[in-house]
Amino acid sequence: MNHERSRDLYDRALSVMPGGVNSSVRATQPYPFFVDSGDGAHVIDADGNRYVDYVMGYGPLLYGHDLPEPVQSAIQSHASAGPMYGAPTEVEVELAEFVARHVPSVEMVRFVNSGTEATVSAVRLARGYTERNKIVVMQGGYHGAQESTLVAGDADNPSPSTAGIPHSFAEHTLPVPFNDSEAIRTVFEDHGDDIAAVLVEPILGNKGIVTPVDGYHETLRELCNDYGSLLVFDEVITGFRVGGLQCAQGKFGVTPDLTTFGKIVGGGFPVGAIGGKSNIIEHFTPSGDVFQSGTFSGHPVTMAAGLATLEYAAEHDVYDHINSLAEQLRSGLTDILADRAPEYTVVGTDSMFKTIFTRDGATERGEQCGAGCRQDPNCPNFESCPKTGADVANAETDRWERLFWQEMKDRGVFLTANQFESQFVSYAHTEEDIEKTLEAYAEAL
Ligand SMILES: Cc1ncc(COP(=O)(O)O)c(C=O)c1O
């Protein structure tokens, strides 16, 4: 594969953009390929190389790169009517109505412009509503580039996970291990009356893919009820992907107080949203006293793209199709691992998938876990499959980043740049793509 043009573009980019990219995760080793265009489930780079794409924009692209006709025409008609106004439009009401109709916990929605903005606003709202300061987060969870959640360590010793955040901010954040009911019970016993909210991805999607063990979310719900804290599901990744239109909360049957959305709800355009019961959401200005505002919030083109995307999914077999293709992919990967790297673990559900390069996985899988870890206590791999972000971080992360990603790229398969981020199957993928991908995995592993 020739990458001369991508290399030249990277050279230019390094002079004018820090690290040559606008989002850190795009800076793959030794340099990223620059995308020229998308085509169905594929991307074509600046040198004309074609890849089967499982990055899918890091999650927003439910349909791949060719949008269904109704989505395209909704985008075009709203863009050509004049991009935005600074006054409300009908389409934002329609999208809010759609979300409230389908997502169990949502009665009202505030749209913003990114997942980060959604979680920032949700944290402010939770603090304003409860008049408390502390936020519980999961170690290895990700809620965007925001001060309250870029926090490492544990509940006794929280510290900023990046330069630029005062230590005093991190003191209000209590990181706990995902899937550990005892740890969070202890944190509530110690700090319960100060906890404004527990912020959790229903499935860790940025540190491998770690699904909840039976009863974990129910424990969070119970503790939040007992202590008067809000349970916030960050469904920026899982929203309108896991569990279809009812989202992960519908799939798991747990009702959060607030939900943050992003990615798919904007149909491929910049978006975020905070949803929940009216009596909480109405604490946002102008109906309440928690300040929240944005020039681009509820942008008509984004709203139109999001609404048409979700309506199309409601009317077609989108989730059945992508989930069954992903199941095929995960079970094919499980077979390949059994042969090539039995200690590794296939993870994922619905249209999410990943192989975690676990160092000490069992060499057998139970039936339940034959197409991705289900945290099934009867699976022979249950003790060693990842339960927390730390379990994923302890895997062979360098092998993925330095060798495996490049091997897959050279075989025409575009995966997420490191061991941690989820990958996605789209409506545009075909069985042929899945077969080609499995062949590439079998060779590269
Ligand atoms: C769970 C989760 N929350 C929040 C965010 C931040 O969203 P954005 O990148 O749109 O700011 C992300 C981004 O990947 C995410 O995965």
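As recorded in an unreviewed UniProt entry, the protein chain goes by Glutamate-1-semialdehyde 2,1-aminomutase and comes from Halohasta litchfieldiae. We quote the UniProt Catalytic activity (unreviewed entry) comment for the protein chain here in full: "(S)-4-amino-5-oxopentanoate = 5-aminolevulinate". Note on the protein chain: under the UniProt heading Sequence similarities (unreviewed entry), the record states "Belongs to the class-III pyridoxal-phosphate-dependent aminotransferase family. HemL subfamily."

Asks: Can you lay out the nonpolar core for me, pointing to particular residues and giving the numbers?
Replies: Residues Y54, V99, F240, F261, F404, L415 and Y441 are the most contacted members of the largest nonpolar core, which totals 68 residues. Three or more residues apiece are contributed to this core by two domains, here domain 1 (4–66 + 318–444) and domain 2 (69–315). In terms of nonpolar packing, the next biggest core, distinct from the first, is built from 38 residues, L204, L223, V347 and A395 among them.

Asks: Which residues make up the pattern of salt bridges, and what are the values?
Replies: Tallying each qualifying case throughout the model produces eight salt bridges. Between D339 and R340 there is a salt bridge whose closest N-O contact spans 3.4 Å. Classification of R340 by relative accessible area gives partly exposed; the value is 44%. Because the salt bridges share partners, they merge into one network encompassing E407, R411 and E443.

Asks: Break down the packing of helix 13 (residues 397–410) against helix 14 (residues 431–444) for me, with residues and values.
Replies: Look at helix 13 against helix 14: their axes get within 9 Å of each other, and the N-to-C directions meet at 130°. As far as their axial angle goes, helix 14 and helix 13 are oblique. Between helix 13 and helix 14 the crossing geometry is right-handed. Across the interface between the two elements, R399, W400, F404, E407 and M408 from helix 13 touch T437, A440, Y441 and A444 from helix 14. Classifying every residue of the contact of helix 13 with helix 14 by side-chain character gives six nonpolar, one polar and two charged.

Thresholds, definitions, all that
Residues numbered from 1 in each chain as written. Predicted model: local features only at pLDDT ≥ 70, side-chain atom pairs only at ≥ 80, totals over all residues. Heavy atoms only, no water. UniProt positions renumbered as here; feature names shortened; annotations may be inferred. Core = buried A, V, L, I, M, F, W, Y, C linked by side-chain atoms within 4.5 Å. Buried < 20%, exposed > 50% of the residue type's maximum accessible area, 1.4 Å probe, protein only. Domains from an automatic or database assignment. Salt bridge = Lys/Arg side-chain N within 4 Å of Asp/Glu carboxyl O. Axes fitted to C-alpha atoms, helices over the stretch in contact; angles between N-to-C directions. Helix = DSSP H or I, 4+ residues; strand = E, 2+ residues; numbered from the N terminus. Parallel < 35°, antiparallel > 145°, perpendicular 65-115°, else oblique. Left-handed = near helix turned anticlockwise from the far one by under 90°. Contact = heavy atoms within 4.5 Å. Nonpolar A, V, L, I, M, F, W, Y, C, P; charged D, E, K, R; others polar.

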